[in-house]
Amino acid sequence: MGNTNGNPDVRLMKGNEALAEAALRAGMKAYFGYPITPQSEVLEYLTAHAPEHPEVVILQAESEVAAINMIYGASGAGARVMITSSSPGISLMMEGISYMASAQLPALIVNVQRGGPGLGTIQPSQGDYFQAVKGGGHGDYRLIVLAPASVQEMVDHVFEGFRLSEKYRNPAMILADGALGQMMEKVVLPPAGSLAPPDFAWATSGKSATRDRNVVTSLFIQPERMEQINLALQAKYRTIEEAEVRCESIGMDDADVALVAFGLTSRICQKTMELARAKGIKVGLIRPITLFPFPYTVVRSYVDRVEAFLTVEMNAGQMVEDVRLAVEGDRPVHFTGRMGGMIPTPEEILAKVETIVHQPAKA
Amino acid sequence: MENTMIPEGMEVVYKKPQTLTDTPMHYCPGCGHGVIHKILMEVIDEMGIQSETIGIAPVGCSVFAYDYMNVDMQEAAHGRASAVATGVKRVRPHKFVYSYQGDGDLAAIGTGETIHTVNRGENILMLFVNNGIYGMTGGQMAPTSLLGMKTSTSPFGREASTMGYPLKITELVAQLPGAYYVTRQSVHTTANVRKLKKAIEASFRYQKEKKGTCFIEVVSNCPSGWKMTPIEANEWLEKNMFPYYPLGDLKAPK
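Residues numbered from 1 in each chain as written. Chains lettered and ligands numbered in written order. Predicted model: local features only at pLDDT ≥ 70, side-chain atom pairs only at ≥ 80, totals over all residues.

Observations regarding the interface of chain A and chain B
- Between chain A and chain B, the residue contacts involve 33 residues of the former and 29 residues of the latter.
- Elements with a minimum of two residues in the side of chain A that touches chain B: strand 2 (30-33), strand 3 (57-60), helix 3 (64-76), helix 5 (94-103) and strand 9 (215-216) of chain A.
- Counting residues per element, the side of chain A that touches chain B draws most heavily on helix 3 of chain A, which supplies eight residues.
- In the side of chain A that touches chain B, the residues fall into 16 nonpolar, twelve polar and five charged.
- Of the pairings in the sheet, the one linking strand 9 of chain A to strand 2 (residues 72-75) of chain B comprises two bridges and is parallel in character. Across the sheet, the residue bridging to Val216 of chain A is Gln74 of chain B, located in strand 2 of chain B. (Contact = placed C-beta atoms within 7 Å. Helix = DSSP H or I, 4+ residues; strand = E, 2+ residues; numbered from the N terminus. Nonpolar A, V, L, I, M, F, W, Y, C, P; charged D, E, K, R; others polar. Pairing = 2+ DSSP bridges.)

Topic: helix 5 of chain A
Residue and element names in this part refer to chain A.
- Along helix 5, eight of the ten residues are buried, which leaves the element largely enclosed by surrounding structure.
- Turning to helix 5, its buried residues number three or more, namely Gly96, Ile97, Ser98, Tyr99, Met100, Ala101, Ser102 and Ala103.
- Tucked into the core, helix 5 has its buried residues touching helix 3, strand 5 (107-113), strand 7 (171-177) and strand 9.
- Directly beyond the C-terminal end of helix 5, a positive phi value near 55° is found at Gln104. (Buried ≥ 20, exposed ≤ 12 C-beta atoms within 10 Å, placed from the backbone.)

With respect to the domain arrangement of chain A
Residue and element names in this part refer to chain A.
- By the assigned domains, chain A splits into domain 1 (9-197 + 219-243) and domain 2 (247-356).
- Computed over C-alpha atoms only, the centres of domain 1 and domain 2 are separated by 26 Å.
- Listed by partner, the interface residues are 28 residues for domain 1 and 22 residues for domain 2.
- Going through the elements one at a time, helix 6 (129-134), strand 6 (144-146), strand 7, helix 8 (178-182) and helix 9 (223-243) are the ones with two or more residues in the side of domain 1 that touches domain 2.
- The residue makeup of the side of domain 1 that touches domain 2, split by class, is 17 nonpolar, seven polar and four charged. (Domains from an automatic or database assignment.)

Looking at helix 12 (residues 319-327) of chain A
Residue and element names in this part refer to chain A.
- Looking only at helix 12, the buried set comprises Met319, Val320, Asp322, Val323, Ala326 and Val327. Down the axis of helix 12, the buried side of the element spans an arc of 155°, and every buried residue falls inside it.
- Buried residues in helix 12 make contact with helix 6, strand 11 (257-260), helix 11 (296-301), strand 14 (308-313) and strand 15 (333-337).
- Looking at the residues trailing helix 12, positive phi occurs at Glu328, about 50°. (Arc of directions from axis to C-beta.)

Let's talk about unusual backbone geometry
- The step from Gly116 of chain A to Pro117 of chain A runs through a cis peptide bond, and the omega angle for that step is 0°.
- Of the consecutive residues Phe292 of chain A and Pro293 of chain A, the connecting peptide bond is found in the cis state with omega at 0°.
- Along the chain, Pro293 of chain A falls in the loop between strand 13 (290-292) and helix 11.
- Of note in the backbone geometry, Lys210 of chain B takes a positive phi value of approximately 55° without being a glycine.
- Looking at the element boundaries, Lys210 of chain B is found in the loop between helix 8 (190-208) and strand 8 (213-219).
- One non-glycine residue, Lys227 of chain B, lies in the positive phi region at around 60°.
- Topologically, Lys227 of chain B is positioned in the loop between helix 9 (223-226) and helix 10 (230-244).

Overview of the sheet that holds strand 13 of chain A
Residues and elements named next belong to chain A.
- With mixed pairing, seven strands are arranged side by side in an open sheet as 3-2-4-5-7-6-13. Each edge of the open sheet carries a strand with a single partner, namely strand 3 and strand 13. Direction aside, neighbouring strands of the sheet carry axes that sit 20° apart on average.
- Against the sheet, helix 7 (residues 151-168) engages strand 5, strand 6 and strand 7, with an angle of about 160° to strand 7. (Axes fitted to C-alpha atoms, helices over the stretch in contact; angles between N-to-C directions.)

Section: the pairing of strand 5 of chain A
All names here are of chain A.
- Within strand 5, seven of the seven residues are buried, which leaves the element mostly enclosed by the surrounding structure.
- Residues Ala107, Ile109, Asn111 and Gln113 of strand 5 are buried on one face, and the alternating residues Leu108, Val110 and Val112, pointing to the opposite face, are buried as well.
- Bridge count between strand 4 (residues 81-85) and strand 5: four bridges; the pairing is parallel. Across the sheet, Ile83 pairs through a bridge with Ile109, a residue of strand 5.
- Pairing of strand 5 with strand 7, which is carried by seven bridges, proceeds in the parallel orientation. Bridged to Val110 within strand 7 is Ile174.

Details of the environment of Leu250 of chain B
All names here are of chain B.
- Counting through the fold element by element, Leu250 comes out in strand 9 (residues 248-251).
- Remark: the alpha-carbon pair of Leu250 and Met163, spanning 87 residues in sequence, is separated by 26 Å.
- Apart from the residues within four sequence positions on either side, Leu250 is in contact with Thr170, Glu171, Ala174, Val182, Thr183 and Arg184.

Pasting the structure below:
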């Protein structure tokens, strides 16, 4: 798309469409999807632009179950693959995701979350934090989970998600929400070709005479062997925890109250910070960008510097459990949030802040 | 893997294709899977397409097919072999891709994937082994179990009013425009083995020509699950399975 004559390629785009365009520019080789609100624009955008990208496989599957297994096959055959859906559809993919984690297949999985449980709503939610971060499918596995907070990050995290998933041979997930998918913002699109295409020696590319056959499987029937596989996976997750934590701290230098929020709620919390500081309440924000690995050390580092933590989420309180693990009871950890597709306002969050801190400052 | 122990004056007239590994198969005595594996891999060997072929193994008795088949293989989740095969074929369109599934896998939990893979006319071979029972899990009722058939979950015999009818999924997929070649074969006699071999050869030829989905059902046995000797099982197969699942082409190019 678009010759920009060396200038940055700046657009005004919807989150879902920006993500789709980013995937094409990141060298995605195959996409399998199924329509579900609020992320259907990804499949629509890709099918509309398919003629410009004859080298990319774009297929509307008969179900999310089929789609995730097509992704399994395409990734196992060595292609850079992406799949997108929203909460109920992601639930349907959980078996396949567990298989991919076990078979150590890279893939980028995008969840544009909507309110649940059940069929729920089509409005934004962060109700799938546990599912994304703690497992979701069966067995001991982890996804690398990235939490964008802007349309720009919907783009950037596509590149980062592909890179990390291929580096670690592990599925990565972008945990977005319906608002990020639907809203339009200014975005700078990276040029195509900046991410080198993968070349996986383990892929089922056809057994040449010079190598043994490649097998992609998650079945290791001997328990001794299966435990070794598990130990290897756990060692990989520990490496990821060491090397790949991303977190942003805003206004934390002098903060008395630390808001902790990811994705859309972190944007709302920035407005709360402004409102609070105008009233003389020193509020800062810790924004985990990777949810796995979770920035425990970053959160922990503020324990001696703030009076309290307030976790803000669009759910009943999920990430707050990780904040509590980081704080280890050394400071109060509060929670406020909305559920079922409702979005908290900056004023609601400020009101909660005021119940925590009545005095303007420690002085 | 060449046999160097051939006595002088003798020659090899029959051998295992090098597309099969040396791993001993776990199949029960008399089971059709071993023969079907061998014929499939023999065709791949004779056509010289070992390096060009990617196979998909199912969940079921043939879950370990990738241990025996000396080609690049992927092990699929239960029922999803044809979706996995779709993913492989779409990103490796010049390779030969086949899925290998049993009746529970292809015609129960994977029915949706089966229908839609064929309906898209994916250029793959779907090899479907129908023995009317869940062998791997210990002989439970399958979608293809015959009426009256006693299994561990239909201990008084399959009864239509509560358990439904044996599913003729091959007749079903033959209706779909994406299906190019649909045939039902068996491996209970050497003559039938030869016919299956021809069907597999034709399927790979059609795949090369991008004709659409080739679907081969092999009506097979399960001596352990049916609680019969191998000979009794093959007799039962002829007497009971073939009348309901008649052998022959359901859809063949003119």
